[in-house]
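A look at the structure
Residue-level listing of the chains:
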Amino acid sequence: MSALALAAMQTAAIPRVGGEATPAAMLAYLIVIAVIAAWATRRTRNAADFFVAGRALGTVVLGVSAMAATLSGFTFIGGPGLFYGLGATALFIVLPASLTNTLGAWTLARPLHDLGRTHGVITIPGAIGARYGSRAAQGWAAAAILVALIGYIATNFLALGYVLSAVFGVSLSAGIWIGAAAVLAYTVAGGILAGVYADVFQGAVMALASVAACWYALRSGGGLGGISRTLVASDASLLSPWGTGGAITALSWFFVFGVGSLAQPHIAHKYLMARDVERFRWYPMVMTVAMTLTLLLYLTVGIAVKAMVARGAMPPLARNDDAMPAFLVHAVPAALAGVVFAGVAAAIMSTVNSFLSVGAAALTHDLPQAMGRRAGGAGSASGAGGETLVSGAGHASRDLVRGRVATVALALAAVAVAHAPGAQVAFLGVFGYGLFASTLVPALAVGLNWPGATARGAVASIVTGLVVTLAGETASYLGWYRLPAGVPWSGVALVAATLVFVAVSGAERLRAGGTR
Amino acid sequence: MPSPREAAGADRGVALLTAGVAAVALAYAAIVVRGVPPWWAPWALALGASVASVAMFVLGAATRGVLTRRVTALLVGLGVLLLAAFWTALALPGTGEPLLLGLPRRLAVVFYAVGFIPLLVLPLTFARTMPPSATGGAGGAGGAGGGDASGAGGGASRGVGDGVGGEAGGGVGSESGRRSGAPLT
């Protein structure tokens with residue numbers, strides 16, 4: 001499997017750890033989520049509330065919610081496992097966060113917020129459609145998002161199934177259904193409004209779990225210096241600047257996870273929810289602080305466990321992904337294990353909620369609109385902002401029902417996919433991040449900021465991203481052709497789509513007689 | 001419409017992005033053709049990834065109308081920092097490395113220069129360069145403003161009329177609409 005795919009998923013069983021404290025912490029976590037859901041459901045009255053949280057979010061909610069949606073369960077389980085196996089190579093998945101926490105707001109926040117206000121846009125494909133005046137661009141963007149996110153949601157349901165199975169001792173299938181039902185309960189009832197406020201709580205749980213785990217990780221190895229000395233003595237390549245994965249893989253990840261971060265629709269979607277543009281001023285700072293705290297676990301646990309194994313304080317692991325559970329068994333109190341598992345569930349659920357909302361909007365809004373049908377929401381009637389969703393269209397309750405039905409349908413499809421053999425689920429999840437990056441970076445992130453971009457360029461780049469990613473990952477999965485030396489298909493697809501976008505747009509401008 | 005200066009800034013950003021992506025493409029092509037990475041491929045990848053990242057900042061700064069000399073200097077500095085860190089890590093010998101702030105020297109250079117310094121500088125720069133908003137602090141009014149200014153102002157002049165967004169029927173006359181990077185075709 002492409003290592004990039006690991007960023008999105010957890011597709012192997014997790015050993016049971018933590019004793020009685022873990023189920024208790026998990027239950028407490030789920031009860032708080034239920035309370036938040038009940039509160040948010042009462043406030044969800046129309047499609048604007050359901051899809052863009054009534055365009056009423058403040059800075060802290062935006063920032064913490066974006067962080068919680070960005071980091072999936074991989075941060076807590078797969079990430080430490082990747083560090084354990086590849087050393088510093090794993091760093092390059094999160095290293096771009098030093099740029100991307102600000103870059104998103106820098107390039108997307110204002111244009112998207114303004115499109116939301118002026119054109120009633122409530123979705124990312126809708127923003128692309130409005131930008132280019134092109135139903136085709138909107139439709140292709142929606143199709144790309146749907147293709148990518150079914151597998152992505154399925155892998156997250158599978159991960160949640162493993163977590164619940166490890167905590168409560170239920171079967172994997174029961175874990176998947178319980179997890180999906182929990183996410184659906186608050187997503188269907190309260191939509192993204194419930195999601196973002198749950199995200200704030202979930203983000204706090206994730207940060208708390210991460211800081212505590214980091215403290216124990218550093219303590220177990222005699223501080224960062226002690227861990228480094230141990231690892232350098234046992235296998236220096238782990239802490240070489242590129243890790244054991246090598247420079248090509250590491251730098252490719254920096255490229256894809258850096259530039260590609262601008263195309264994650266569940267994060268960009270948040271920019272449509274701000275109360276006003278002033279809310280963005282300190283958004284990068286809030287997100288940076290929240291993200292830094294939550295990534296401490298990712299950065300330290302994997303290498304701490306590797307050092308413990310090197311010192312003989314822990315037996316070698318059978319699988320890399322056992323790094324976190326082994327750490328919880330050997331190095332932390334049982335109560336903290338419960339908090340960490342709650343953090344894993346929080347990370348997964350916050351990501352899934354955001355994706356379900358994005359997917360439901362694509363189904364009920366973007367695809368019908370791309371096919372020339374009236375869709376609920378954006379800018380029907382007067383062309384104002386979110387308020388038209390209520391008063392202008394007069395279809396508010398029907399749009400809300402459609403949104404809820406689409407959410408359930410997407411979740412059920414993802415649950416069905418999650419029950420497929422693990423390798424197939426992982427294969428479908430492979431598309432996620434890379435497909436978003438290659439199909440949406442040019443049309444969305446570049447296009448919203450470049451007057452020279454054209455609709456044909458946008459469509460061409462989206463199709464290029466789709467074809468290269470799907471063909472390449474399929475060929476790789478089936479063993480027909482693998483790129484050499486750690487070059488990821490997602491990197492190739494992002495490069496191809498960007499160059500096609502610039503070339504087609506540039507050619508059209510030339511044909512039209514120069515710059516506009 | 002974006003001002004000529006903003007449009008020129010955006011064109012520069014796209015040119016920079018194209019150059020960065022082309023460097024990555026060159027590295028990938030060489031690796032695929034040869035089957036193994038040539039010695040210069042990691043250097044080209046580091047160059048391309050750094051330039052592409054900075055290019056997106058240039059694009060955003062042009063759209064936000066903040067591509068001033070100071071911001072340009074900061075972005076140039078950011079690009080130099082990223083590139084210097086990656087190239088230093090590629091250039092330094094890997095044997096007998098001393099620890100620097102708890103990490104082997106080459107990894108420390110990458111981790112602290114790429115992962116830490118921008119973390120401190122960029123959010124503050126964003127907050128300080130964000131122009132005061134005409135609609136700021138008037139959240140509820142923001143949406144209404146979009147409606148009652150229908151058909152007037154900068155947004156409409158950008159001509160989204162025929163497509164999806166066309167239903168919206170126009171833009172706003174506010175600063176918010178004028179600064180928007182969208183719809184531009």
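Refer to the preceding data block for the structure.
Everything quoted here is computed from the prediction, not taken from an experiment. (Residues numbered from 1 in each chain as written. Chains lettered and ligands numbered in written order. Predicted model: local features only at pLDDT ≥ 70, side-chain atom pairs only at ≥ 80, totals over all residues. Heavy atoms only, no water.)

**Examining the overall build of chain B**
Helix and strand counts for chain B stand at 8 helices and 2 strands. Overall, chain B shows an N-to-C arrangement of helices and strands of α-α-α-β-β-α-α-α-α-α. Counting all 185 residues of chain B, 54% fall into the buried class. Within chain B, contacts between residues separated by at least 24 positions form 56% of all contacts whose residues are at least 6 apart in sequence. When the accessible surface of chain B is summed, it comes to about 7400 Å², and 67% of that surface belongs to carbon and sulfur atoms. (Helix = DSSP H or I, 4+ residues; strand = E, 2+ residues; numbered from the N terminus. Buried < 20%, exposed > 50% of the residue type's maximum accessible area, 1.4 Å probe, protein only. Contact = heavy atoms within 4.5 Å. Areas by Shrake-Rupley, 256 points an atom, 1.4 Å probe, with all protein chains shown as cover.)

**Re the pattern of salt bridges**
Residues and elements named next belong to chain A. Scanning all chains against the criterion turns up 7 salt bridges over all chains. Linking Arg-456 and Glu-508 is a salt bridge whose minimum nitrogen-to-oxygen distance equals 2.9 Å. With Arg-456 in helix α19 (residues 455-477) and Glu-508 in helix α20 (residues 489-511), this residue pair connects regions lying 52 residues apart in the sequence. (Salt bridge = Lys/Arg side-chain N within 4 Å of Asp/Glu carboxyl O.)

**Topic: the environment of A:Pro442**
Tracing the sequence through the fold places A:Pro442 in helix α18 (residues 422-446). In the structure, A:Pro442 is positioned 59 residues away from A:Phe501 in sequence and 6.3 Å away in space, judged by C-alpha atoms.

**Side note on empty space enclosed by the protein**
All names here are of chain A. Across all of its chains, the model carries 8 cavities of 30 Å³ or more by this definition. Its boundaries defined by the atoms lining it, the largest cavity holds a volume of some 500 Å³. Every residue lining the largest cavity is counted, 32 residues in all, and those nearest its centre are Thr-70, Leu-71, Ser-261, Met-291 and Tyr-433. Elements supplying a minimum of two residues to the lining of the largest cavity: α4 (59-70), α6 (91-94), α7 (97-119), α13 (265-268), α14 (283-311) and α16 (334-370). Here the lining of the largest cavity is built from residues that sort into 22 nonpolar, 10 polar and no charged. (1 Å grid on protein atoms, 1.4 Å probe; cavity = no way out; pocket = protein on both sides within 12 Å on 5 of 7 lines; lining within 4 Å. Points joined across faces, edges and corners; volume = space filled by probe spheres on them. Nonpolar A, V, L, I, M, F, W, Y, C, P; charged D, E, K, R; others polar.)

**Side note on the packing of α4(A) against α14(A)**
Residues and elements named next belong to chain A. Where α4 meets α14, the axes come as close as 8 Å, and the angle between the chain directions of the two elements is 40°. As summarised for this structure, α4 and α14 are arranged oblique, according to the angle between their axes. Note that α4 runs across α14; the crossing there is right-handed. Contacts between α4 and α14 involve Thr-59, Val-60, Leu-62, Gly-63, Val-64, Ala-66, Met-67 and Thr-70 on the former and, on the latter, Tyr-283, Val-286, Met-287, Ala-290, Met-291 and Thr-294. Of the residues belonging to the contact of α4 with α14, the class tally is 10 nonpolar, 4 polar and no charged. (Axes fitted to C-alpha atoms, helices over the stretch in contact; angles between N-to-C directions. Parallel < 35°, antiparallel > 145°, perpendicular 65-115°, else oblique. Left-handed = near helix turned anticlockwise from the far one by under 90°.)

**Some details on the packing of helix α3 (residues 69-91) of chain B against helix α4 (residues 105-115) of chain B**
Residue and element names in this part refer to chain B. It is at 8 Å that the axes of α3 and α4 come closest, and there the two elements cross at 170°. Classified by the angle between their axes, α3 and α4 sit roughly antiparallel to one another. When α3 is examined against α4, the residues Leu-81, Leu-82, Ala-85, Phe-86, Thr-88 and Ala-89 are found in contact with a partner set consisting of Arg-106, Val-109, Val-110, Ala-113 and Val-114. Partitioned by chemical class, the residues of the contact of α3 with α4 number 9 nonpolar, 1 polar and 1 charged.

**Details of the nonpolar core**
Formed by 227 residues in total, the largest nonpolar core has its most connected members in A:Phe92, A:Leu112, A:Phe157, A:Phe255, A:Phe327 and B:Leu75. If you tally residues by element for this core, the top one is helix α9 (residues 135-168) of chain A, at 19 residues. The residues touching A:Phe92, leaving out its near neighbours within four places in the chain, are A:Pro241, A:Trp242, A:Ala250, A:Trp253, A:Phe254, A:Phe257, B:Phe86 and B:Val110. (Core = buried A, V, L, I, M, F, W, Y, C linked by side-chain atoms within 4.5 Å.)

**Side note on the packing of aromatic side chains**
Evaluation of the coordinates by the stated rule reveals 22 aromatic pairs over all chains. Plain terms: the ring middles of A:Trp106 and B:Phe57 are 5.2 Å apart, the flat faces sit at 80° to each other, and that makes the pair edge-to-face. Of this pair, A:Trp106 sits in helix α7 while B:Phe57 is found in helix α2 (residues 41-64), placing the two residues in two different chains. Of the two residues, A:Trp106 and B:Phe57, both sit in the buried class. Between the aromatic rings of A:Tyr152 and A:Phe436, the centroid separation amounts to 6.2 Å while the plane-to-plane angle is 45°, which identifies the pairing as tilted. Note that A:Tyr152 is positioned in helix α9 and A:Phe436 in helix α18, a separation of 284 residues in sequence. Given the relative accessible area of 0%, A:Phe436 is considered buried. An aromatic cluster is defined as three or more aromatic residues linked by ring pairs; in this entry it consists of A:Phe92, A:Trp242, A:Phe254 and B:Phe86. Between B:Arg64 and the ring centre of A:Trp106, over which it is positioned, the NZ or CZ distance is 4.7 Å. (Phe/Tyr/Trp six-rings, centres within 6.5 Å; stacked < 30°, edge-to-face > 60°. Lys NZ or Arg CZ within 6 Å of the ring centre and 35° of its normal.)

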